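Single-letter residue listing:
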Amino acid sequence: MRSRPFTGEGMVSELSLGTWGLSGDGYGPVSDLVQDDVIARARAYGVTSFETADVYGRGAMEERLGRIFASDREVSIVTKVGTDLSSMPERKRFDPAYLRQACQSSGERLKRAKIDVLLLHNPAEQTLAREEACGVLAELKAEGKIGAWGVSAGSIGVARAALSRGAEVLELAYNVFTGSDLEGLDLAGRKVGVLARSVLAYGLLCGQWPDNKTFSNADHRADRWTVEQLRSRLRQLSAVSGILGGDIMTLRAAALRFVLANSTVSSAVIGPRNRVQLDQLVREAGQGPPYLAPELRQRLLDQFARMGVTR
């Protein structure tokens with residue numbers, strides 16, 4: 001497993017294991033045995049970065065990672081806070097008192113006196129404009145309770161606001177269909193760690209769905225796209241197929257290498273739900289730079305332009 005620069009002088013594995021899919025929250029239940037197997041196998045591959053949140057499984061994923069990696073200090077755990085599950089209905093909260101309590105609770109579940117990386121979980125621009133949320137994370141770092149802090153951003157506006165407040169880590173959606181936020185940021189000269197999430201667009205970029213694909217109401221993807229939006233995206237996969245060849249044999253490989261070819265990305269967050277999916281992703285990440293030849297990347301973007309695809 002190759003490593004890349006992260007925050008400051010730190011390094012991180014170029015693939016991070018995201019745990020939302022394992023938690024059962026978005027795609028259906030995953031057994032304890034399979035969860036442990038995927039996490040242990042990722043570590044055996046050399047993955048040193050594991051991404052989670054205090055809401056995944058209502059804290060259960062933090063507890064699982066804390067148990068498995070209680071004595072493994074080579075592992076860096078990235079967790080996210082900012083959703084109050086105790087309120088009815090649950091709501092976003094980024095006030096200092098809540099964030100301090102959330103940090104303490106996450107640290108206890110993770111069995112870490114110092115949380116490696118703590119992110120605000122999808123705050124609004126207005127939240128960051130008030131400064132107190134980022135301010136309390138900076139205080140927690142100064143107190144030795146977190147190693148680095150940042151924001152899991154849902155838009156380029158939030159990402160820019162986070163950078164202006166001194167965020168050390170950004171997590172952004174980034175894939176062949178969703179690139180404008182990351183690509184629109186000026187990160188030159190900044191020592192900012194970038195975690196790319198949704199690299200397979202929730203499974204769309206695996207290229208295995210039929211034209212009439214539907215999702216159950218319990219699957220979060222039922223609310224991600226309208227029927228026509230999904231049909232349109234499925235047609236657009238033909239542009240990705242156009243760069244297959246050589247050792248890039250699948251759409252999944254092309255999509256993952258597109259992300260890894262961006263040197264701004266510190267680590268691509270993958271979300272396998274079983275060992276077969278994990279094995280495929282590790283294998284298809286390739287043997288290293290350039291991951292995806294520049295001419296292939298440009299061919300893909302040119303085809304998107306001809307198809308009227310907005311990224």
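Rules of the game
- Sequence positions are assigned chain by chain, starting from 1 and proceeding in written order.
- Totals for whole chains, interfaces and linings use all residues, but because this is a predicted model, local features are given only for residues with pLDDT of at least 70 and pairs of side-chain atoms are given and counted only at 80 or more.
- The side-chain quantities take in all heavy atoms of the structure and omit both hydrogens and water.
- By the convention used here, strands pair only if DSSP detects at least 2 bridges between them.
- For the purposes of this entry, the term helix denotes a DSSP run of H or I that reaches at least four residues, the term strand denotes a run of E that reaches at least two, and both are numbered from the N terminus.
- To get an axis, fit a line to the C-alpha atoms, keeping to the stretch in contact for a helix; angles then go from 0 to 180 degrees between the N-to-C directions.
- Only protein chains enter the accessibility calculation, which uses a 1.4 Å probe; a residue is then buried when its area is under 20% of its type maximum, exposed when over 50%, and partly exposed in between.
- Angles below 35 degrees are treated as roughly parallel, those above 145 as roughly antiparallel, those between 65 and 115 as roughly perpendicular, and all remaining angles as oblique.
- By convention the crossing between two helices is left-handed if the near helix lies anticlockwise of the far one by an angle smaller than a right angle, and right-handed if it lies clockwise.
- We call two residues contacting when some pair of their heavy atoms lies within 4.5 Å.
- In the scheme used here, Gly and all other residues not listed as nonpolar or charged are polar, with Ala, Val, Leu, Ile, Met, Phe, Trp, Tyr, Cys and Pro taken as nonpolar and Asp, Glu, Lys and Arg as charged.
- For this document, the term salt bridge refers to a Lys or Arg side-chain nitrogen within 4 Å of an Asp or Glu carboxyl oxygen.

Asks: What's the story with the sheet that holds strand S3 (residues 15-18) in this structure? I'm lost.
Replies: To summarise the sheet geometry, strands pair through backbone hydrogen bonds and adopt either a parallel or an antiparallel arrangement. One closed barrel holds the 8 strands; their spatial order is S3-S4-S5-S8-S9-S10-S11-S12, and the pairing between them is parallel. Each adjacent strand pair in this sheet contributes to an overall mean axis angle of 25 degrees, direction not counted. Two strands pair when backbone bridges link them, and strand S4 (residues 49-51) and strand S5 (residues 76-81) are joined in this way by 3 bridges, in the parallel orientation. Considered in S5, the bridge of phenylalanine 50 is made with isoleucine 77.

Asks: Would you mind going over the pairing of strand S8 (residues 115-121) with me for this structure?
Replies: Regular strands place their side chains on alternate faces of the sheet. When you tally the buried positions in S8, you get 6 out of 7 residues, the bulk of the element. Both S5 and S8 contribute to a ladder of 4 bridges, which runs parallel. Across the sheet, lysine 80 pairs through a bridge with leucine 119, a residue of S8. Two elements, S8 and strand S9 (residues 146-152), share 6 bridges in a ladder whose sense is parallel. When the sheet's bridge partners are listed, leucine 120 is paired in S9 with valine 151.

Asks: What am I meant to see in the packing of helix H2 (residues 32-45) against helix H11 (residues 275-284) here?
Replies: Think of two packed helices as two axes; the pair is described by the angle between the axes and how far apart they sit. Where H2 meets H11, the closest approach of the two axes is 9 Å, and the angle between their N-to-C directions is 25 degrees. Taken together, the axis directions place H2 and H11 in an arrangement best described as roughly parallel. When you trace H2 past H11, the crossing you get is right-handed. Facing Asp37, Val38, Arg41, Ala42 and Tyr45 of H2, the residues of H11 in contact are Arg275, Leu278, Asp279 and Val282. Residues that form the contact of H2 with H11 fall into these classes: 5 nonpolar, no polar and 4 charged.

Asks: In this structure, what is going on with helix H10 (residues 251-260)? I would like to understand it.
Replies: An α-helix turns once every 3.6 residues. As a result, residues three or four positions apart point the same way. Counting buried positions along H10 gives 10 out of 10 residues, so the element sits mostly inside the fold. For H10, the set of buried residues is Leu251, Arg252, Ala253, Ala254, Ala255, Leu256, Arg257, Phe258, Val259 and Leu260.

Asks: I'm lost on the packing of helix H4 (residues 96-110) against helix H6 (residues 132-142) in this one. Help?
Replies: Between H4 and H6, the shortest axis-to-axis distance is 9 Å and the interhelical angle comes to 40 degrees. On the basis of their axis angle, the class for H4 and H6 is oblique. In the crossing of H4 with H6, the sense of the turn from one axis to the other is right-handed. On H6, the residues touching Pro96, Leu99, Arg100 and Cys103 of H4 are Glu132, Ala133, Val136, Glu139 and Leu140.

Asks: In this structure, what is going on with the pattern of salt bridges? I would like to understand it.
Replies: Charged atoms that come close allow side chains of opposite charge to pair. One pass over the full model with this rule turns up 26 salt bridges. Salt-bridge contacts for glutamate 183 lead to arginine 311; the nearest nitrogen and oxygen are separated by 3.0 Å. Of this pair, glutamate 183 sits in helix H8 (residues 180-183) while arginine 311 sits in the segment after helix H12 (294-307), and the two are 128 residues apart along the sequence. The exposure class assigned to arginine 311 is buried, which follows from its relative accessible area of 18%.

Asks: Looking at this structure, how should I read the side chain of asparagine 262?
Replies: Relative to the helices and strands, asparagine 262 resides in the loop between H10 and strand S12 (267-270). With relative accessibility at 14%, the residue asparagine 262 sits in the buried group. If sequence neighbours within four positions are ignored, asparagine 262 has contacts with Arg4, Tyr174 and Leu182.

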